[in-house]
Structures are given as C-alpha cells and as structure tokens.
Amino acid sequence: MKLISVQALRGPNIHSFNPYKLIHLRLDFSEQLEMTEHEVKQLEHTINENLILPASDQMTLIFEDQSQIPSPILDQLATLAGRIALQLQIEAGCSVKFLKILKTIYFGIYGVLFEYDQEDIGKYAAKSTAEILDQILNKKSINPKSALEKIKQLKALDEQDESLNLVLKEIKHLNIPVIPLFGKELLQLGYGKFQKRLHSSLSEQTNAISYLIASNRSWLTDILYEHSIPYIKNSENIDSYPSSFGILVLNHRVQKSIHYLHGIMDQNYKDDLNENTCLRLERWCQLLGLIHGEIQIVSDDINNPDAELLQINGKPKFHLYQNNVARDNSFVSTFVDSLFPESEKSRIPIIAVSGTNGKTTTTRLISHIIQQSGIQTGYTTSDGVYVGGRMVEKGDTTGPGSALIVLRDPTVDLAILETARGGILRAGLAFTECDAAVLTNITSDHLGLSDVHTLDDLSKAKGLIVDAVKSNGYAILNLENEYTYQIGQKAKCHVAYFSLDPDHENLKVHIQQGGTSAFVENGFIKIFHQNTTTTLIKTEDIPLTFGGKVPFMIANALAASLTCFTQGFTVEQITNGLKSFFPSVEQTPGRLNIYEFPNFKVMVDFAHNPEGFSGIRDFLSSIDSPHKIGIITGTGDRPDESIIQLGELSAEMFDHIIIHQAKFLRGRSAIAIVDLLIQGIKKFNPSCSYEFLPDHIEPLEYAIKLAKKDSFITALSDVLNNPIELIKQHQESYFVSK
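Residues numbered from 1 in each chain as written. Predicted model: local features only at pLDDT ≥ 70, side-chain atom pairs only at ≥ 80, totals over all residues. Heavy atoms only, no water.

Asker: Let's hear about the overall build of the protein: which residues, and what values?
Answerer: Within the protein, the secondary structure is distributed over 23 helices and 31 strands. Considering only C-alpha atoms, the protein reaches an extent of 100 × 70 × 60 Å along its principal axes. Taking all 738 residues of the protein together, the buried fraction comes to 54%. Partitioning the intrachain contacts of the protein with sequence separation of at least 6 by distance along the chain shows that 67% fall at a separation of at least 24. Of the roughly 32,600 Å² of accessible surface on the protein, 48% is carried by carbon and sulfur atoms. Put simply, the protein has 67 plus and 87 minus side-chain charges, and the middle of one group is 2 Å from the middle of the other. (Helix = DSSP H or I, 4+ residues; strand = E, 2+ residues; numbered from the N terminus. Buried < 20%, exposed > 50% of the residue type's maximum accessible area, 1.4 Å probe, protein only. Contact = heavy atoms within 4.5 Å. Areas by Shrake-Rupley, 256 points an atom, 1.4 Å probe, with all protein chains shown as cover. Lys, Arg positive; Asp, Glu negative; His and termini not counted. Charge placed at Lys NZ, Arg CZ, Asp CG, Glu CD.)

Asker: Break down the side chain of serine 163 for me, citing the residues and quoting the values.
Answerer: Looking at the secondary structure, you find serine 163 in helix H5 (residues 162-173). In terms of polar contacts, serine 163 uses its side chain to reach the side chain of histidine 319, at 2.9 Å. If we ignore the near neighbours within four places in the chain, the residues touching serine 163 are Ser200, Pro316, Lys317, Phe318 and His319. (Polar contact = N/O pair within 3.5 Å; in protein donor to acceptor, adjacent residues only side chain to side chain.)

Asker: Outline the packing of aromatic side chains, listing residues and values.
Answerer: The geometry of two aromatic rings is summed up by the distance between their centres and the angle between their planes. Under the defined criterion, the tally for this structure stands at 8 aromatic pairs. The ring of phenylalanine 340 has lysine 196 sitting right over it, with the charged end atom 5.0 Å from the ring centre. (Phe/Tyr/Trp six-rings, centres within 6.5 Å; stacked < 30°, edge-to-face > 60°. Lys NZ or Arg CZ within 6 Å of the ring centre and 35° of its normal.)

Asker: An account of a negative patch on the surface is needed here, citing residue identities and associated values.
Answerer: Together, Asp271, Asp272, Asp300 and Asp301 give the surface a local cluster of negative charge. Position of aspartate 272 relative to the elements: it lies in the loop between strand E12 (264-265) and helix H8 (275-288). Residue classification places aspartate 272 among the partly exposed residues on the basis of a relative accessible area of 45%. (Patch = residues over 30% accessible without salt bridge, like charges linked within 9 Å, V, L, I, M, F, W, Y side chains within 5 Å. Salt bridge = Lys/Arg side-chain N within 4 Å of Asp/Glu carboxyl O.)

Asker: How would you summarise the sheet that holds strand E28 (residues 628-632) if you had to cite specific residues and measurements?
Answerer: Paired through their backbone hydrogen bonds, the strands of a sheet run either parallel or antiparallel. Within the open sheet, the 6 strands sit side by side as E26-E27-E31-E28-E29-E30. Their pairing is mixed. The open sheet terminates on both sides in strands that have one partner only, identified here as strand E26 (593-596) and strand E30 (689-693). Across the sheet, the mean angle from the axis of one strand to that of its neighbour is 20°, orientation sign disregarded. Looking at chain direction, strand E29 (residues 656-660) and E30 are connected through 5 bridges and run parallel. Its bridge partner being in E30, isoleucine 657 is matched across the sheet by tyrosine 690. (Pairing = 2+ DSSP bridges. Axes fitted to C-alpha atoms, helices over the stretch in contact; angles between N-to-C directions.)

Asker: Lay out the pattern of salt bridges with the relevant residues and their values.
Answerer: One side chain can pair with another of opposite charge once the charged atoms of both are near each other. With the rule as written, the count across this model stands at 27 salt bridges. For the salt bridge of lysine 100 with glutamate 64, the shortest nitrogen-to-oxygen distance reads 2.7 Å. Taken together, the residues lysine 100 in strand E4 (residues 98-103) and glutamate 64 in strand E3 (residues 60-65) connect sequence positions 36 residues apart. Using a relative accessible area of 3% as the deciding quantity, one classes lysine 100 as buried. Between arginine 638 and aspartate 445 there is a salt bridge, with the nearest N and O atoms lying 2.6 Å from each other. Separated by 193 residues along the polypeptide, arginine 638 in the loop between E28 and helix H20 (640-653) and aspartate 445 in the loop between strand E20 (434-439) and helix H13 (455-462) bring together distant segments of the chain. The same class applies to arginine 638 as to aspartate 445, namely buried. Through salt bridges with shared partners, a single ionic network connects Asp445, Asp637, Arg638 and Arg666.

Asker: Kindly report on the environment of aspartate 158, identifying the contributing residues and their values.
Answerer: In this fold, aspartate 158 is placed in helix H4 (residues 145-158). Its relative accessible area of 17% is what places aspartate 158 among the buried residues. Residues aspartate 158 and glutamine 118 lie 40 residues apart in sequence; the distance between their C-alpha atoms is 8.0 Å. Once residues lying within four places of it in the same chain are set aside, the contact partners of aspartate 158 are Gln118, Asn165 and Lys184.

Asker: Explain the nonpolar core residue by residue, including any values.
Answerer: Judged by nonpolar contacts, the single largest core of 65 residues is most densely connected at Ile351, Ile366 and Leu620. Looking at this core, the element that brings in the most residues is helix H17 (residues 551-566), giving 9 residues. Setting aside anything within four residues of it in sequence, one finds isoleucine 351 in contact with Ile366, Ile370, Leu414, Ala415, Ile416, Leu417, Ala436, Val438, Thr563 and Gln567. (Core = buried A, V, L, I, M, F, W, Y, C linked by side-chain atoms within 4.5 Å.)

Asker: Help me get a handle on helix H2 (residues 72-90), residues and values and all.
Answerer: The end-to-end C-alpha distance of H2 is 27 Å, a good match for the 27 Å that 19 residues give at a rise of 1.5 Å each. Taken across its 19 residues, H2 has 16 buried, putting it largely inside the fold. (Expected span 1.5 Å × (residues − 1).)

Asker: Could you give an account of the sheet that holds E12, with specific residues and numbers?
Answerer: Spatially, 5 strands are ordered E12-E11-E10-E13-E14 in an open sheet, and the strand pairing comes out antiparallel. Looking along the sheet, the strands with just one partner apiece sit at the ends: E12 and strand E14 (308-313). As judged from the 2 bridges shared by strand E11 (residues 253-261) and E12, these two strands associate in the antiparallel manner. Bridge pairing links leucine 261 to isoleucine 264 in E12. Strand contacts of H8: strand E10 (243-250), E11, strand E13 (293-298) and E14, with the helix running at about 120° to E13, the strand carrying the most contacts. Seen against the sheet, helix H9 (residues 330-339) touches E10 and E11 and runs at an angle of roughly 40° to E10.

Asker: Can you break down the packing of helix H19 (residues 610-620) against H20 residue by residue, with the values?
Answerer: Relative placement of two packed helices is described by the angle separating their axes and the distance separating the axes. With their axes 9 Å apart at the nearest point, H19 and H20 run at an angle of 5° to one another. One element, H19, and the other, H20, form an angle in the roughly parallel class. Only Ser642, Gln645, Leu646, Leu649, Ser650, Glu652 and Met653 of H20 make contact with H19, whose side of the interface consists of Pro610, Phe613, Ser614, Ile616, Arg617 and Leu620. A per-class count over the contact of H19 with H20 returns 7 nonpolar, 4 polar and 2 charged. (Parallel < 35°, antiparallel > 145°, perpendicular 65-115°, else oblique. Nonpolar A, V, L, I, M, F, W, Y, C, P; charged D, E, K, R; others polar.)

Asker: I'd love a proper account of the pairing of strand E23 (residues 516-521), names of residues and values included.
Answerer: Of all 6 residues making up E23, 5 are buried, and the element is well covered by its neighbours. Pairing of strand E22 (residues 494-499) with E23, which is carried by 4 bridges, proceeds in the parallel orientation. Paired with serine 499 across the bridge in E23 is phenylalanine 519. A crossover links E22 with its parallel partner E23, the connecting element being helix H16 (residues 505-512), and its sense is right-handed. (Right-handed = clockwise from strand over helix to strand, strands pointing away.)

Asker: So what's going on with the pairing of E22? Residues and values would help.
Answerer: A large share of E22 lies buried, amounting to 5 of its 6 residues. Relative to E22, strand E21 (residues 469-478) is paired through 5 bridges, and the arrangement is parallel. Across the sheet, the residue bridging to tyrosine 474 is histidine 494, located in E22. The parallel pair E21 and E22 is bridged by helix H15 (residues 482-490), and the resulting crossover is right-handed.

Asker: I'd like a description of the environment of asparagine 599, backed by residues and values.
Answerer: Following the sequence through the fold, asparagine 599 ends up in the loop between E26 and strand E27 (600-604). Taking the relative accessible area as the measure of exposure, asparagine 599 reaches 39% and is therefore partly exposed. Note: C-alpha distance between asparagine 599 and glycine 428 (171 residues apart in sequence) is 49 Å.

Asker: An account of unusual backbone geometry is needed here, citing residue identities and associated values.
Answerer: In this chain, asparagine 18 is followed by proline 19 through a cis amide linkage whose omega measures 5°. Relative to the assigned elements, proline 19 resides in the loop between strand E1 (2-9) and strand E2 (22-28). Phi is positive for glutamine 68, close to 60°, though the residue is something other than glycine. Residue placement: glutamine 68 occurs in the loop between E3 and H2. Under the relative-accessibility criterion, glutamine 68 is labelled exposed at 61%.

Here it is as structure tokens:
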C-alpha cells in the first residue's frame, strides 16, 4: 500500500455539500490484489483488538465506483482505511461519521474521504491511518495509542478557549459565517462590510482605550478613586478571599453572577442580584466605556453597597457562567446579538460565476453594471482579484483562497466570484450559500483531471454553485447548453434561463410556466419576468458585441443582464452598464483585445479549447482581411481529440498558422502536442499553410514580419508571455522604424 496524498476540503464540494469538511486520503492498494477475503478479515480483527472500529450503522458510508471493475478485496481495504480514520478522531472526542470511498478509474487507486472536525486532527488521522495499515500489511505489530494521544492533545489545544467555543456554537446556530484569520486566535464573523472580528470573548465593540484602562491597575484605581467606588488597594488572587463574586455584564446589562469560596465556585449559589446592585455594577462598566465586561467584587453579600471591587475584566470568561445542568446559556445569545442585531445582516450578497467559456467576461460585466450603480464590488477572475474596480492581487485567482480576499474586505458591499473547476475540486467552495449562481456553459475541457473524466462529472463540479444558491435566490443558466439546462431542471432555487434563440422549444416551455428568462429578439435583448416582457437594449449598441456581430459576447451580455435583473437592478442601471463596458485591455484583458498597427491589426484572445476557438472562428468570419495569421499552442493535459480539434478549427479560420509550443506541456512533450495540432490542420485542409517555431523565437515578432497590408494577426491560448506589454513594445518599435 502506498500513501499518495492527503488533502483538506474546507467548503462544500462534489463529494458532500454537508458535511463539507472532508479529508481526501488517496491510497494505492494495487499491490494488495492477491490478498484473500480471509486475510482482510484477519486484518480487521487485528485492528479491532487495538481500535474498536465504527460499525456500518454508526457512520454514513457512500461508495462511488468510477472504474466498474470488480475488486471487492481492495474495496474492503479502502473502506477499512476510512473506518480507522474516523475512529481515531471519535476516540479523541470528535463528532464525525461521514465516509465516502471513491474507486477511481486507475486500478487500485482509491480516494478515502472522511469527515473531520478540526483540520490538523483530520490530516494527522489520515497519515496515522496509512501508517497503521502499512504496518499491519507488512506483518508488523501495531500500537495506535501514540496516534490517539497526539490527536487528543490536538483536540485539547482546540478546546482550550472554552469561552470562544460557547460563542462559536451560537454563531453556528445563527448561520453566521466564520473565517479564521490567525488560527482560532482571531476570527472574522460575517462577510465584507458586515464583518465583525472576535478574539475569544473580546469583540471589536470593546473600545481599545477602555480595555487598556481595565487591564492597567494604576489607571483603573485612579478612575475608581475619582468616582468614590470602593476597591481592593493591594489586590491578590481571587482564592485569597473567603467570599467573592463574579458578575457578567453584556451590552451594558448585568446577565449573571457566580459566587466563589476561597476561589472555588460555589455550586449551591443562587443568583439573587437586586435592581440597585445591577444599576451600580452596570455604571462601573460604563465609567470605563466597556460594553461587555466581567466584574469581580469581594464581599459576603453580593448586594452589599460597600462591596469592594477586585478587578474588571474586559474579556469575560463566559464558560464560568454557563449552566451545565439547565443548559441555559442565554447570555451567549445576548453577546452575539450585540454583534449582529436581528435587523443587521452578517452576509453580503454573493454572485458565483462558472462555466467552461465566458465566465471571466461575464464576471467582469456583472461587476461593472453593479459598480456603476453605486455599489462597491469585489470580484475574482482568472487574471486577478479586484475591489472597487482596482486590482488588489494579480494571477489566476478563481479558487476559494482568492474568494476569501474579497469576503474578508470590509469595504465590499457585494461579491462576484468566478469559481473555476480547479478550486472546487482542490478545496471546495469558499462559501456555503450564495444569492445567485451563473453557469455560462459546460463543454469538454479539463477532462481527465482530478477524477473528472466525463461531462457529467464536470457538470457536477461546476453545478455545485447552483446547489449553494439560497432557496429564494436565482440560478442563471444557459438554456441552449444541455448540461446547464438539466442543472436548472433539478435546481431547488429559482431558475432563470438565457438564450440567443427566442424560438427555442425549451424557452417557450419555461416562459409558459412563468419562468424568468432573457433572450434576443429582432436584435434586442429582452427579459421576461412575471408575465411581462421588458426590452433592454439593441445588441449592436453594446460595445462588447462588436456591433452585435459576436454571438458568444451577446450570450455573456444576456447572462450578465439577467443576473443583475434578478438581483433587483433596474433596466436603466443594466443598460448604462452594458453601454459603458468595452472590449479593451482595461475592462476585458485577454478577451478580443485588438491593437492597431499602421497596415495591420493584432488581436489577443484567451480562447484555449474547441468551444472558445469556435467563437473566435465566428468572429473572424466578420473580419475583412486578405491574410489572417494565427498563433496557436496546445495544452498537454487535454485529450488527443481536443488538441486535434484545435488544429482543425485553426485551419478553418486562418490563412497561415504559427505553432509555438514553449509552455503548457503538462505531461507531454512539445513535439507530441504539435503533431496532434498538425494532424488536425491537415485533416481540415491538407494544403493549409503552417509552421512550427522553436522556443527561442518570439512568435509575435515573427508574425509581424510576415504581415502584409490589412493582415489580421490573432494570438490564442495565452501563447504570448505578458501580451499587453509585449504588443506595446512592438507598437513603439514598429512606429519608430517606420
């Protein structure tokens, strides 16, 4: 047996939406093929002698078989691994029971996905499981006690802050999102502009100066003296006093009190604070400016007006005041309610965008429309994270980590999160619910990666954002794509479809059923909602569509318009946004960016799969040029058929093709990729003009030298390094030389 990898899924994922905190332990059991059922039972018996494994009725077990090749012995071994991982956590006091076994298409390779309560415990349990199995398979004695002790230590560390755990339990009950900022030392509660920060029981509501005064004995006693409040001058530990009291004040009001006898809590004490005492103690906190606090006084009688103050703690110890018998901890609700009053939200609206093609442009266009409407947006794309229209981080930022940059930003009113397949498979979603989910399309791309082998698999991954939509939210889906259409038929939220074809049979049915939709009719974008059809704008008046000539850009405009409409934006706000969004380096970098040279033009587009190439082909058919030059590259981790199809489409749209394969090898040799591209080129047109450039030749500079009058050069698939800067350099040098 071999341990391949250990990976933590931190958000809703394709294996489980709830519970979503899963460890993916990947194991190779191919060497155990010859084991007998008797040997497996003996192995399980040996483990049970040291670790009582959970029975089938004590866990939720799901088995997914991608291979469809019977191997029951290996199936049992993988399931056994999952049971060990669960039990190691259960014996440490973790409440976990979900287990999924993924039998992959690769013989003997299994994904063991088990629930975790705390990530470091889950990962340690995974590695310990692999060690235990390896030892027993190699006829060595096993002793899981050391692993259990370590896990118990990690669990104890997690539970050290009992006050925080009480608060988090209430936070979870109220469905308020929690983002750890520094482990569990500092937490963010809520998203964007609604967020609050918490350190144990110390919230950002507590004034920093007030907290300093309470923490500084000299400052504190000066204030107490000035206000004639009796206090212990030379304070000692609470156990030095025969009788003392602790009083919890939250949101300016006394909540509970406890009694100490020589520092030991009096279990027989009954809370009997009178009104005058409450008012007096509340005033003490107010004098310091503390909203929340814990007062300690020394007296035989809690209502004694001459009771002396021992200290005021600006970070109350909630766990001391909990009622373990009656389970009445309403004071915790009071504390959380002060952070998020019933009328105040904890979540900003979230719009998630996914699909194979068009998702970045659609994300940008949605954000532009909303930002133009006076709302501060934060959005993630494949080229960077943006807040208020300004880039705050550059790169391919479509995973959950990048989404958290937006959700952690206190200036953001609304988040638009491009959510790519890779991030979903690697770690799950960054959010548990969203207000709208947009799926532009689902076509063959990225198949064969991360256990996603079919379009149904890909549909399940990308459709996860629709599963996250609130019941009163909207899924905005491409009606003309069979996979996104089917996702809509199963969705549990409101569904709004968009279509370029106003006569599509499924669109007619959807409208007849009263469904919200957007479509193009007689050159106008129209929206149907609540039995009313509203006309928005002519497609030719949207700069992004190049005068209404680019169907895939019209589809992006439909998706963005429909999304904003479902989120309550007006027709005027939507049309203003559509009119002011241009296909440019500033607003759509890498998407139909056209650069002017004196005698020819250069276009850069990120199209990198057959669907994207088809869109460029359709666009180029409207370009009047006697000499269309294409610069292309393939991607090594795509199926042969996809790479061949890129070659075919290139031969269909270009007069001359330049192949440059300096990157994106991903497991193949450059020549293997190039051979497939050439195979596709020749398949469409055996006499098509093409050439393969070696790595050291810069392809754009080479193409410019081939340019004739009115040539149109197109660079696809991110074949150029830093294309914007590169083209500007070529423009400057070209104009100088001319």
